[in-house]
Amino acid sequence: MPLSRLHGLTARTAANLWIVAFFAFSLWLRAGHPIQALGDAAYDDLLFVRLADFIGSGQWLGPYDHLTMAKGAAYSLFMAINQRTGIPLKLAEQLMYLVASATFVTSIRRVCPSNRASVAIFAVLALNPQPWTPDVGGRVVRENLYASLSLLGLALAIRICVQRPGAAVTRELAASWPLLALLGLVGGLYWLTREEGSWLLPALALLALYWTAANAPRIRESRAQVAAAAAFLAVPLACFSLVVGTVDAVNLAHYGVFRNNDFRSADFQAAYGALSRISHDRWMRYVVFPRDARERAYAVSAAARELRPYFEGPGGEFWRQAGCGQTGITPCPEVLSGWFMWSLRGAVAAAGHYRTAVEAQRFHLQLAREVNDACDRAAIPCGPPRSTLVPPWHEGYLGDTLRASLAVFTTLMSVGYPSVYIPRSIGDPKNLALFARVTNGPLAPPEPGAWDNTPNHRIAKAIARLQRQLTRVALPASIVAWLALVVYGVARRRWHPAHVVCASLVAALSARVVLLGFLEATSIPSNNALYLSPVVPLALAFPFCVALLARSLWPAPSVAPNTNIRVE
């Protein structure tokens, strides 16, 4: 039924009603999939739940140890706030995601007005199958918030930056500053959720550059316009800094260090970088600190010698088997790079240096100083100075990254190969009770139950199969179509703001795919639905955005005077 004929409503009102209907339908589908509580996942699901419990009880992140600031606090803070509402965590996550989806749709509708397209885009986003899969939506992990924040941040940036310029920049600033502040707040939470937030920066930079270029004539009119333009860019940055700085300050008050994440801290990166610069007798893929490098470190660093019992004992063996078990690498050589960061923290903790954050900071810096000094004196063979968690570059990584990126894109084309089923919760009963209390439930039972046969679960499985088949064709076809439209627009000198919307989506998709391809090639298995979840909504929406661009660029047929005959 045409939207405009729905009981005499306007087309816009009818479209909004359809969006509300899909909003409710999506929540109903999500309610059919309980939490898979992994009560033994001490470094992931259980960690987030414990941190949320500490926050909820007024203890911030709790007593300090090597896991307290190993991951961002935003998801645990979200859980702690939601616990007070009584809303089941998974419904709260879905509400957040649907709000982000609605914001994205309204932003696109401002660029390319189309009621039908707005309903179609929201429907495909609302029926994203990943929240129904146990590996993503079923778990209590930060990706379920991260995907919503990624989509919401990009949607706000599009809404703010992609519009037909006309008004003075001072007026635009007066009208847009609440959205600019909201963008900064969302960006701060996004930054505090995961550590690799830079993948979204190319898309945001592209939008900001477009806004600056589009408004350049008005900016040059007066100093007031220049000041307004500077404020336009400064407001979100200020709000971003306020959010991140507040968490840094709270951590300073509680733990004595001004930071939001240990893996981002200069001291830990210095220690990791120093150990990873030591030369190896034989290069091995995924290995940054093999036995020969460890022996060299022990010989020149008293701090490194303190870590020897852990690295050469049960602790190091645990992480060696964990990495090789998850990657399927046989024979299992050493602790792999994706797990070495945890092995290093475990070793420092076992040596007694994680009693306080300040003590850990001092030890990391001592370790880095001693190893780097030995390297600089040529006491041991080393590569160039490093202060990063990125593994040292190897000549084969470029080709490996390109091949891995293609494999990641293939997975994205199939929406992460969604498999919709209800796995059982596992773990210690005390931990499962903690999960139930902090998340407001419901948890999947430890034994198979009736969840697998509910109507919303059966419908979700059918939709997941359909989404996978459609996206498998639509995503690559739409990328080819977008490239053709770029060529067409250049050749015919036709421009529309939807060009920059599509370009920003391509930038975000490409950056995430290449990032995961690089990690897959060098560090850790990353070609999976969980790590792809932030860009799956963009992949679902992109074909519709390309279709809107095509419609906007296509020349409308002219009409002869006083006739209804189209003139070609």
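These remarks concern the structure in this document. By convention here, each chain's residues receive numbers from 1 onward along its written sequence. Local features are withheld for residues below a pLDDT of 70 in this predicted model, meaning they are given only at 70 or higher, and side-chain atom pairs are given and counted only at 80 or more; totals for whole chains, interfaces and linings count all residues. No hydrogens and no water enter the side-chain calculation; it runs on all heavy atoms of the structure.

**Description of the overall build of the protein**
Inclusion rule: For the purposes of this entry, the term helix denotes a DSSP run of H or I that reaches at least four residues, the term strand denotes a run of E that reaches at least two, and both are numbered from the N terminus. The cut-offs for exposure are 20% and 50% of the maximum accessible area for each residue type, with area from a 1.4 Å probe on protein chains only; residues under the lower value are buried, those over the upper are exposed, and the others partly exposed. Only heavy atoms enter the contact rule, under which two residues are in contact if any of them lie within 4.5 Å. For every accessible area listed, the method is Shrake-Rupley and the probe measures 1.4 Å; residues are considered covered only by the protein chains on display. The positive count covers Lys and Arg only, the negative count covers Asp and Glu only, and His and the chain ends enter neither. Where a charge lies is defined by one atom per residue type: Lys uses NZ, Arg uses CZ, Asp uses CG and Glu uses CD.
Helix and strand content of the protein: 22 helices and two strands. Overall, the protein is about 95 × 60 × 45 Å in size when its C-alpha atoms are taken along their principal axes. Buried residues in the protein amount to 54% of all 568 residues. The long-range fraction of contacts in the protein, counting pairs at least 24 apart against all pairs at least 6 apart in sequence, stands at 76%. Approximately 24,600 Å² of the protein is accessible, and the part contributed by carbon and sulfur atoms is 63%. In the protein, which carries 51 positive and 33 negative side-chain charges, the distance between the mean positions of the two groups comes to 13 Å.

**Things to note about the packing of helix H6 (residues 143-161) against helix H8 (residues 201-214)**
Short version of the rule: Fitted lines through C-alpha atoms give the axes, limited to the stretch in contact for helices. The angle between two N-to-C directions lies from 0 to 180 degrees. Between 65 and 115 degrees an angle is taken as roughly perpendicular, under 35 as roughly parallel, over 145 as roughly antiparallel, and anywhere else as oblique.
Axis separation between H6 and H8 bottoms out at 9 Å; the angle between their running directions is 10 degrees. Taken together, the axis directions place H6 and H8 in an arrangement best described as roughly parallel. Across the interface between the two elements, Gly153, Leu154, Ala157, Ile158, Ile160 and Cys161 of H6 pack against Ala203, Leu204, Leu207, Ala208, Tyr210 and Trp211 of H8.

**A closer look at the layout of surface pockets**
Worth spelling out the cut-off: Residues are said to line a cavity or pocket when one of their atoms sits within 4 Å of a point; the points come from a 1 Å grid over protein atoms alone, cavities being sets where a 1.4 Å probe fits but cannot get out and pockets being open sets with protein on both sides within 12 Å along at least five of seven lines. Grid points are joined across faces, edges and corners, and a volume is the space filled by probe spheres set on the points.
Size it by volume and the second largest pocket reaches roughly 560 Å³. Forming the walls of the second largest pocket are 26 residues, and the residues nearest its centre are Leu183, Leu201, Leu204, Pro236 and Leu237. Breaking the lining of the second largest pocket down by element, the ones donating at least two residues are H6, helix H7 (169-191), H8 and helix H10 (223-255). Ranked by residues supplied to the lining of the second largest pocket, first place goes to H7 with seven residues.

**Here we look at the packing of aromatic side chains**
The following threshold applies: Any Phe, Tyr or Trp ring, taking Trp's six-membered ring, that has another such ring centre within 6.5 Å forms a pair; planes under 30 degrees apart are called stacked, those over 60 apart edge-to-face, and the others tilted. Here, a charge over a ring means that NZ of Lys or CZ of Arg falls within 6 Å of the ring centre while also lying within 35 degrees of the ring normal.
Counted according to the given criterion, the structure contains 25 aromatic pairs. Between Tyr64 and Tyr255, the aromatic rings sit 5.6 Å apart at their centres with planes inclined by 50 degrees, giving tilted as the arrangement. Taken as a pair, Tyr64 in the loop between helix H2 (45-56) and helix H3 (74-85) and Tyr255 in helix H10 lie far apart in primary sequence, 191 residues in all. Note on accessibility: Tyr64 and Tyr255 belong to one class, buried. One aromatic cluster is present, formed by Tyr43, Phe263, Phe268, Tyr272, Phe289, Tyr310, Phe311, Phe318, Trp319, Phe340 and Trp342 through successive ring pairs. Its guanidinium or amino end placed over the ring of Phe263, Arg345 lies 5.1 Å from that ring's centre, counting from NZ or CZ. Here Arg345 stacks its cationic end above the ring of Phe268, 5.2 Å away from the centre of that ring.

**Re the state of the cysteines**
Put simply, the rule reads: In what follows, a disulfide is any cysteine sulfur pair within 2.5 Å.
Using the criterion set out here, one finds two disulfides in the structure. The disulfide that involves Cys324 links it to Cys332, with 1.9 Å between the sulfurs. Linking Cys324 and Cys332, the disulfide has an S-S dihedral of approximately 85 degrees and is accordingly described as right-handed. A residue is classified by how much of its surface remains accessible, and Cys332, at 23% relative accessible area, is partly exposed. A disulfide bridge connects Cys375 with Cys382, and the sulfur atoms are separated by 2.0 Å. The chirality of the disulfide connecting Cys375 with Cys382 is left-handed, given an S-S dihedral of about -65 degrees. Of the residues examined, Cys375 reaches a relative accessible area of 9% and is grouped as buried. For Cys382, a relative accessible area of 22% translates into the label partly exposed. Within the protein, bonded cysteines paired by disulfides and numbered along the sequence follow the pattern 1-2, 3-4. Among the cysteines around Cys112, which has no disulfide bond, Cys502 carries the closest sulfur, lying 7.7 Å off. For Cys112, a relative accessible area of 5% gives the class buried.

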